[in-house]
Amino acid sequence: MTELRPARYSLAAIILHWAIAALLLFQIGLGWALEDLPKGVAQFAGFQFHKSVGIAILLLSLARLAVRSFKPRPLPVPASRPQMLLASGVHLLLYAVMVLGPLTGWIIVSTAKIRLQTMLFGVVPWPDLPVGAALHEPAEGLHGLLGTIGFLLIVLHVAGALFHHFKREDVIGRMLPAAISSHKAIGFAAAAAVIAGLGVMIAGRSMTFAAAPVSAPSAAASSEPEAVASALVPAVDVSEAPPAAVASVESADAKASTWTIGKGGRLGFKADYTGESIKGTFARWDAAIVFDPADLPGSSIKVTVDLASVESGDSQRDDMLKSDSFFGVGTNPKAVFTSSSIRANGSGRYVASGSLSLHGKSRPLAVRFNLKIDGDRATASGNAALQRLSFGVGEAEWSATDQLKDAVGIDFALSATRKPG
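Nothing here was measured: the structure is a model prediction, and the numbers come from that model.

### Some points on the overall build of the protein
Within the protein one finds six helices and 13 strands. Across the 421 residues in the protein, those meeting the buried criterion constitute 44%. Sequence-distant contacts, at least 24 apart, represent 71% of the contacts inside the protein between residues at least 6 apart. Taken as a whole, the protein presents about 21300 Å² of accessible surface, with 62% of it coming from carbon and sulfur.

In structure tokens, the structure reads:
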């Protein structure tokens, strides 16, 4: 008995087909865009969104395979054996890309040296795969190829569908609602689909991700960024940073002068992780300094740190530090120290007492520093110590101190020039 086949694919198959096609094209464009995103909040947000779209493609692809297994499909269009083999091969490889693309990305995340919680579209937590680290490099290599392979397969798939359409063989119409039935209407729908597909890919390529406002960089990062794998200087919630490298806050009758930070300074941090001293730096930070040894009551210091500029020598570790478990740069992009008093602590040595705003919390902090002033030029270096848990930094498994210690050290070195006037 001849098997009866429908003239069109099921509605579920049609919806899934076009949804996956749009997401694949968008994801390919987005993948190209990620290469150009600046480091920091924008890049972190971009990769998180890329992972979310990838998991969505994986889930929809699995649903599409399930529908394909249980719903009857139209019969293949009669064609030569080479054409049928080519069509079958393209379809098979497209399904492989739809599944292996997200799966290899998932493996990369799951086998990273530093695990970063994946939050689907910033809302739903997604678990890691229980796979070994040996799969990391193979998955990374394959993942990089699949974008190009997927794009070429889509081009072949579209070309094949248009080839059949121009031969007046109803292939495209099988994946359209029954209301679109005439050859001319199917042609218009196909043209619209191609244009929409290009638009979706361009939209992915044009994606931008808002980064927290950053002041002009006043101090470069150390030329020797060392590995850091801990919740070090925590994230903060700061209302507004100084508009320039230094802002004057001196009163009209104060002797204290305003100082401008020079390039080449360093702001770093250090913690103990499993007995190893871990260090890192920030590339962007500003300091508003008003200071005179003869007018300490009129002196003040305010330091603003762009936490998304953390550099540790490992991009995955940097992503972890920017995540909600640590800095939470999406909602708390900056850290700010504001002095309330400065006192001498010996010849050329001082202590600035004040508060540090981190992770939405403000705690007292004392910064000790050595200062040498030579005319209108000055050099300073110093350090401070804080407890990360007092700011709520390092959540879930990182809240324990048996591996990642509570104490965090801060160190800095800078040069400055006295502002005229």
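### Considering helix 5 (residues 183-205)
The end-to-end C-alpha distance of helix 5, which contains 23 residues, comes to 33 Å, matching closely the 33 Å that a straight helix rising 1.5 Å per residue would cover. By the burial criterion, the buried members of helix 5 are Ile186, Ala189, Ala190, Gly197, Met201 and Gly204. Of the surrounding secondary structure, the elements contacted by the buried residues of helix 5 are helix 1 (11-34) and helix 4 (136-166).

### Regarding the pairing of strand 10 (residues 349-358)
With eight bridges joining them, strand 9 (residues 334-344) and strand 10 adopt antiparallel strand pairing. Residue pairing across strands places isoleucine 342 opposite alanine 352, the latter belonging to strand 10. Once strand 9 ends, the chain turns through four residues before running back antiparallel as strand 10, passing glycine 346 with a positive phi of about 120°. Relative to strand 11 (residues 361-374), strand 10 runs antiparallel, the two sharing 10 bridges. Looking at the pairing, alanine 352 lines up with valine 367 of strand 11.

### Remarks on the packing of helix 1 against helix 5
One can describe the packing of helix 1 onto helix 5 by two numbers: an axis separation of 6 Å at closest approach and a directional angle of 35°. Helix 1 and helix 5 meet at a crossing whose hand is right-handed. Touching Trp18, Ala22, Leu25, Phe26, Ile28, Gly29, Leu30, Trp32 and Ala33 of helix 1 are Ala193, Gly197, Val200, Met201, Ala203, Gly204 and Arg205, all from helix 5. Its residues placed into classes, the contact of helix 1 with helix 5 shows 12 nonpolar, three polar and one charged.

### Considering the side chain of asparagine 332
Turning to its location among the elements, asparagine 332 is positioned in the loop between helix 6 (315-322) and strand 9. At 3.3 Å, the side chain of asparagine 332 and the side chain of threonine 331 are in polar contact.

### A word on the nonpolar core
By size, the foremost hydrophobic cluster in this structure holds 48 residues, and its most contacted members are Phe282, Phe291, Val305, Phe327, Ile342, Phe369 and Leu386. Among the elements that make up this core, the one with the highest residue count is strand 13 (residues 404-418) (six residues). In contact with valine 305, other than residues within four places in its own chain, are Leu267, Phe282, Arg284, Trp285, Pro333, Lys334 and Ala335. Leu30, Val90, Met98 and Ile154 belong to the second largest nonpolar core, which has 19 residues in total.

### Considerations on the packing of aromatic side chains
Inspection of every chain in the model, using the stated rule, returns eight aromatic pairs. The rings of Phe26, Phe49 and Phe121 are connected pair by pair, giving a single aromatic cluster.

### Describing the pattern of salt bridges
Considering all chains together, one arrives at three salt bridges under this definition. Here aspartate 411 ties to arginine 266 by a salt bridge, and the two come within 2.4 Å at their closest N and O atoms. Of this pair, aspartate 411 sits in strand 13 while arginine 266 sits in strand 4 (residues 266-273); the two residues are 145 residues apart in sequence, bridging distant segments of the chain.

### Points about the confidence of the model for the protein
Taken over all residues, the pLDDT of the protein has a mean of 79, while the share at 70 or more is 84%. Mean pLDDT across the elements of the protein ranges from a minimum in helix 6, with 74, to a maximum in strand 9, with 94. For residues 211-254, every residue scores under 50 in pLDDT, and the model assigns this stretch 150 contacts once sequence neighbours within four places are set aside.

### Let's talk about empty space enclosed by the protein
Enumeration over the complete set of coordinates arrives at two cavities of 30 Å³ or more. Estimated volume of the largest cavity: approximately 490 Å³. Taken together, the elements giving at least two residues each to the lining of the largest cavity come down to strand 6 (285-291), strand 7 (300-306), strand 9, strand 11, strand 12 (377-387) and strand 13.

### Overview of the environment of threonine 258
Its location among the elements puts threonine 258 in strand 3 (residues 257-261). On a C-alpha basis, the gap between threonine 258 and serine 299 in space is 9.1 Å, while along the polypeptide they are 41 residues apart.

### Details of a nonpolar patch on the surface
Where nonpolar side chains cluster on the molecular surface, the patch consists of Val158, Val194, Leu198 and Ile202 and spans about 320 Å² of accessible area. For the nonpolar patch, the element with the highest residue contribution is helix 5, accounting for three residues. Position of isoleucine 202 relative to the elements: it lies in helix 5. With a relative accessible area of 52%, isoleucine 202 lands in the exposed category.

### A word on the pairing of strand 3
Most of strand 3 sits inside the fold, with four of its five residues counted as buried. Pairing of strand 3 with strand 6 involves three bridges; the strand directions are antiparallel. Looking at the pairing, threonine 258 lines up with valine 290 of strand 6. Sheet topology places strand 3 next to strand 13; three bridges connect them, and they run antiparallel. Bridged to isoleucine 261 within strand 13 is alanine 416.

The rules behind each value
- Residues numbered from 1 in each chain as written.
- Predicted model: local features only at pLDDT ≥ 70, side-chain atom pairs only at ≥ 80, totals over all residues.
- Heavy atoms only, no water.
- Helix = DSSP H or I, 4+ residues; strand = E, 2+ residues; numbered from the N terminus.
- Buried < 20%, exposed > 50% of the residue type's maximum accessible area, 1.4 Å probe, protein only.
- Contact = heavy atoms within 4.5 Å.
- Areas by Shrake-Rupley, 256 points an atom, 1.4 Å probe, with all protein chains shown as cover.
- Expected span 1.5 Å × (residues − 1).
- Pairing = 2+ DSSP bridges.
- Axes fitted to C-alpha atoms, helices over the stretch in contact; angles between N-to-C directions.
- Left-handed = near helix turned anticlockwise from the far one by under 90°.
- Nonpolar A, V, L, I, M, F, W, Y, C, P; charged D, E, K, R; others polar.
- Polar contact = N/O pair within 3.5 Å; in protein donor to acceptor, adjacent residues only side chain to side chain.
- Core = buried A, V, L, I, M, F, W, Y, C linked by side-chain atoms within 4.5 Å.
- Phe/Tyr/Trp six-rings, centres within 6.5 Å; stacked < 30°, edge-to-face > 60°.
- Salt bridge = Lys/Arg side-chain N within 4 Å of Asp/Glu carboxyl O.
- pLDDT = per-residue confidence, 0-100.
- 1 Å grid on protein atoms, 1.4 Å probe; cavity = no way out; pocket = protein on both sides within 12 Å on 5 of 7 lines; lining within 4 Å.
- Points joined across faces, edges and corners; volume = space filled by probe spheres on them.
- Patch = residues over 30% accessible without salt bridge, like charges linked within 9 Å, V, L, I, M, F, W, Y side chains within 5 Å.

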